[in-house]
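# Structure assessment
Given next are the chains, with one letter for each unit.
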Amino acid sequence: LASITDPGSDGNLSVAAIEGTNVLSTGESGGTKFLREDGDGSCSFQAIPSTFSGLVVFNGSSSTPTALASFNVASLARNATGKYTVNWDTDFSNTNYYVLAQASDTDVADNDRILTVRSIAVGSTTVLIRNNSSAATDGAEHITIAAFT
């Protein structure tokens, strides 16, 4: 989180943060919310859905992935180029949960990625990322892995 500016006479609160940043909301009910960019240059807070069970947003462009935001994540590992495992802090009761993942880069000419969920265990999830142009395994600057029950 870069900065928070107290509301002025207009009552607006200014927040400068990276998309996906975990922000504790004190002015609203519902506890922890995530800041999201709405596509039109504005931002809004999004509550964690009740069925939401785990999330990690990270930079996967280096050999050591850097988490930018996370929820229910014990650790994050880069197993090989383009292959990442999220170890959940609280295990799922079974493997009947679903995983959504996305990846993007700022390199517009080579931004297409194909993501495959390679394994789902009660305590972890592994995904594989490929470059759509070359089919080679590849990292990405912005990777999101979310789990839902």
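Residues numbered from 1 in each chain as written. Predicted model: local features only at pLDDT ≥ 70, side-chain atom pairs only at ≥ 80, totals over all residues. Heavy atoms only, no water.

Before going further, it helps to spend a moment on the side chain of Asn-72. Turning to its location among the elements, Asn-72 is positioned in the loop between strand 7 (66-71) and strand 8 (73-80). Engagement of the side chain of Asn-72 in a polar contact is seen with the backbone nitrogen of Thr-90, the distance being 2.7 Å. Setting aside residues no more than four positions away along its own chain, Asn-72 makes contact with Ser-53, Gly-54, Trp-88, Asp-89 and Thr-90. (Helix = DSSP H or I, 4+ residues; strand = E, 2+ residues; numbered from the N terminus. Polar contact = N/O pair within 3.5 Å; in protein donor to acceptor, adjacent residues only side chain to side chain. Contact = heavy atoms within 4.5 Å.)

Two side chains that carry opposite charge are able to pair once their charged atoms sit near each other. In total, this model carries one salt bridge according to the counting rule given. Between Arg-113 and Asp-138 there is a salt bridge, with its nearest N and O atoms 3.4 Å apart. In this pair, Arg-113 is assigned in strand 11 (residues 113-120) and Asp-138 in the loop between strand 12 (124-131) and strand 13 (142-148), connecting sequence segments 25 residues apart. (Salt bridge = Lys/Arg side-chain N within 4 Å of Asp/Glu carboxyl O.)

Moving on to the confidence of the model for the protein. On average, residues of the protein carry a pLDDT of 77, and 64% of them reach 70 or more. Model confidence for the protein, summarised as mean pLDDT per element, is weakest for strand 1 (residues 3-5) at 48 and strongest for strand 9 (residues 83-88) at 96. Here residues 1-6 is a poorly scored stretch, pLDDT under 50, and it has 16 contacts once near neighbours within four places are set aside; other chains count. (pLDDT = per-residue confidence, 0-100.)

Let's shift gears to the nonpolar core. Within the largest apolar cluster, 16 residues are counted, with the highest numbers of intra-cluster contacts made by Trp-88, Ile-143 and Ile-145. Mapped onto this core, the elements with two or more residues apiece are strand 6 (52-59), strand 9, strand 10 (98-104), strand 12 and strand 13. Filtering out sequence-adjacent residues up to four positions away, Ile-143 remains in contact with Val-56, Val-57, Phe-58, Gly-60, Tyr-84, Gln-102, Ala-103 and Ile-129. By size, the runner-up hydrophobic cluster in this structure holds five residues, among which are Leu-55, Val-57, Ala-69 and Ala-146. (Core = buried A, V, L, I, M, F, W, Y, C linked by side-chain atoms within 4.5 Å. Buried < 20%, exposed > 50% of the residue type's maximum accessible area, 1.4 Å probe, protein only.)

Right, let's talk about the environment of Ala-101 for a bit. Relative to the helices and strands, Ala-101 is located in strand 10. Residue Ala-101 is classed as partly exposed on the basis of its relative accessible area of 31%. Taking the C-alpha atoms as reference points, Ala-101 and Leu-128, separated by 27 residues in sequence, lie 9.9 Å from one another. Residues in contact with Ala-101, not counting those within four places in the same chain, are Leu-115, Val-127, Thr-144 and Ile-145.

Once that is clear, we can look at the sheet that holds strand 8. Pairing is antiparallel in the open sheet, where four strands are placed in the order 8-9-12-11. Unpaired on one side and paired on the other, strand 8 and strand 11 mark the two borders of the sheet. Strand after strand, the sheet turns through a mean of 20° between neighbouring axes, direction not considered. The sheet contact formed by strand 9 and strand 12 spans five bridges and is antiparallel. Along strand 12, the bridge assignment pairs Val-86 with Thr-125. (Pairing = 2+ DSSP bridges. Axes fitted to C-alpha atoms, helices over the stretch in contact; angles between N-to-C directions.)

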